[in-house]
Amino acid sequence: MEIQKKAIRLGAVAVGVCSIESLIRTNSVVLDVMPAAKSVVAIACSHSRAALDSKNLQVKQNDTMATYEKVRTVSKELAMTLEGQGHSALAIPPFLPMDMSDGKYGMVGSVDLKKAAVEAGIGSYGKSGLVLVKGFGPRVRLGAVLTSAPLKPTKKRSGFLCPEECRICLSGCPGKALPGEGKVDKRACGRVILQFGLRGMIKFVGEMIEASAERKAELLKSYPFRELWQTLASGNYYFCFVCQALCPVGKNARTHG
Ligand code: B12
């Protein structure tokens, strides 16, 4: 309970605890991260609604980086607090760095943070596949701390927050990546989101290798090259936020949804 209060004091908008077994059962944790782990503290930190609603892409990207930073800071602090109490504890990366080896390709986190959030009772899956948190909907970034401390699990939420008839996220998805029922076509989503991430980089470098001297000079001055540079310099590789921004749950105020 103390650790949950601390998470809120540090700025998380939701926190809960689940057992490591609940993640092992569903293959949602890479066990060698911390074989001694007994419990998982799951947290959510909130985006700025105005930033996600803005028409300006850079504002959304900046808010995303700041929210990830918050998740990192809060989860690191919680891990250090638990270690100070004599347990082992570590913070899970909320996005990068990821395992880039063959078979994982940077697409599989060491903990499935959505699953951890749901098991810890922070929220529930929405039709978009994102976890919706009461008062914020999907406008949160998730984090987790693994610890050897035998913490008491919080109650799982049974409610489904999506309005029954709502299809806003499904029909609004620019990549047509959301067929419904929480399913996500990762390839279709990635085509839009990761256009200047690793996927964009591979395409660009491939084109560069094949290009004539004249085309090479053109490519170096092109928009994609500038955007790829910015991805590397800033660490942000997200270029779509539509499913987070459109969701009516938690869109206007903390008291809604
Ligand atoms: C790789 C990745 C992606 C990839 C692949 C997405 C995917 N579904 O795996 C791409 C690039 C496509 C992507 C897109 C986005 N992502 Co992403 N992504 C990740 C990342 C880094 C790893 C995902 C992972 O390892 N999954 C593990 C695999 C096994 O999960 P899975 O294939 O989905 O299978 C699980 C589910 O099916 C689940 N499950 C079980 N029962 C049920 C039932 C239902 C109904 C559902 C839906 C699922 C479910 O159990 C399975 C096994 O655990 C996570 C961070 C993390 N470590 O979790 C963020 C993360 C999932 N992404 C996030 C976000 C916000 C996004 C985007 C909005 C992009 C953006 N602008 O930030 C989009 C959203 C697309 C969408 N509507 O889902 C957030 C989600 C926050 C939230 N509120 O839910 C996370 C948690 C990052 C964070 N730290 O907050 N992402």
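Look a little higher up for the structure.
Definitions and limits used
- Residues numbered from 1 in each chain as written.
- Predicted model: local features only at pLDDT ≥ 70, side-chain atom pairs only at ≥ 80, totals over all residues.
- Heavy atoms only, no water.
- Helix = DSSP H or I, 4+ residues; strand = E, 2+ residues; numbered from the N terminus.
- Expected span 1.5 Å × (residues − 1).
- Polar contact = N/O pair within 3.5 Å; in protein donor to acceptor, adjacent residues only side chain to side chain.
- Phe/Tyr/Trp six-rings, centres within 6.5 Å; stacked < 30°, edge-to-face > 60°.
- Buried < 20%, exposed > 50% of the residue type's maximum accessible area, 1.4 Å probe, protein only.
- Axes fitted to C-alpha atoms, helices over the stretch in contact; angles between N-to-C directions.
- Parallel < 35°, antiparallel > 145°, perpendicular 65-115°, else oblique.
- Contact = heavy atoms within 4.5 Å.
- Near = heavy atom within 4 Å.
- Nonpolar A, V, L, I, M, F, W, Y, C, P; charged D, E, K, R; others polar.
- Disulfide = S-S within 2.5 Å.

Enquirer: Go over helix α4 (residues 57-84), please, and point to the residues and values.
Expert: Given 3.6 residues per turn, any residue in an α-helix points the same way as the ones three and four places further on. The first and last C-alpha atoms of α4 sit 41 Å apart over 28 residues, in line with the 40 Å expected at 1.5 Å per residue. The backbone nitrogen of Gln58 has a side-chain oxygen 2.9 Å away, supplied by the residue at the start of α4, namely Asn56. Positive backbone phi, approximately 95°, marks Gly86, located one or two places after α4.

Enquirer: Give a description of the packing of aromatic side chains that names residues and reports values.
Expert: Taken as a whole and assessed by the stated rule, the structure comprises 8 aromatic pairs. An angle of 85° between the planes, with centres 5.4 Å apart, marks the rings of Phe196 and Tyr223 as edge-to-face. Of this pair, Phe196 sits in the loop between α7 (186-193) and α8 (198-210) while Tyr223 sits in helix α10 (residues 223-234), and the two are 27 residues apart along the sequence. We classify Phe196 as buried; its relative accessible area is 9%. Ring centres of Phe204 and Phe225 lie 5.4 Å apart, and the angle between their planes is 25°; on these two criteria the pair is classed as stacked.

Enquirer: A description of the packing of α8 against helix α9 (residues 213-220) should follow, citing residues and the corresponding values.
Expert: Between α8 and α9, whose axes approach to 8 Å, the crossing angle comes to 150°. Taken together, the axis directions place α8 and α9 in an arrangement best described as roughly antiparallel. Where α8 abuts α9, its residues Phe204, Glu207, Met208 and Ile209 lie against Arg215, Lys216, Leu219 and Leu220.

Enquirer: Before we move on, could you go through the site of the ligand and cite the residues and values that matter?
Expert: Around the ligand there are 35 residues in total, and Gly109, Asp112, Arg141, Leu142 and Lys186 lie nearest to it. Contacts to the ligand include Arg141, whose side-chain N or O atom sits 2.7 Å from an oxygen atom. Within the side chain of Lys186, a nitrogen or oxygen atom sits 2.5 Å from an oxygen atom of the ligand. The set of elements that each furnish at least two residues to the shell around the ligand consists of α5 (113-119), β6 (140-147), α7 and α11 (242-246). Each residue belonging to the shell around the ligand can be placed in one class, and the counts come to 22 nonpolar, 7 polar and 6 charged.

Enquirer: Describe the state of the cysteines, naming the residues involved and giving the relevant values.
Expert: Put plainly, two cysteines are in a disulfide when a covalent bond ties their sulfur atoms together. Per the counting criterion, the structure on display carries 0 disulfides. Take Cys162: it sits in no disulfide, and the sulfur closest to it among the cysteines is that of Cys247, at 6.0 Å. Residue class for Cys162 comes out buried when judged on its relative accessible area of 14%. Here Cys189 stays unpaired: no disulfide links it, and the sulfur of Cys173, its closest cysteine neighbor, is 6.4 Å away. For Cys189, a relative accessible area of 27% translates into the label partly exposed.

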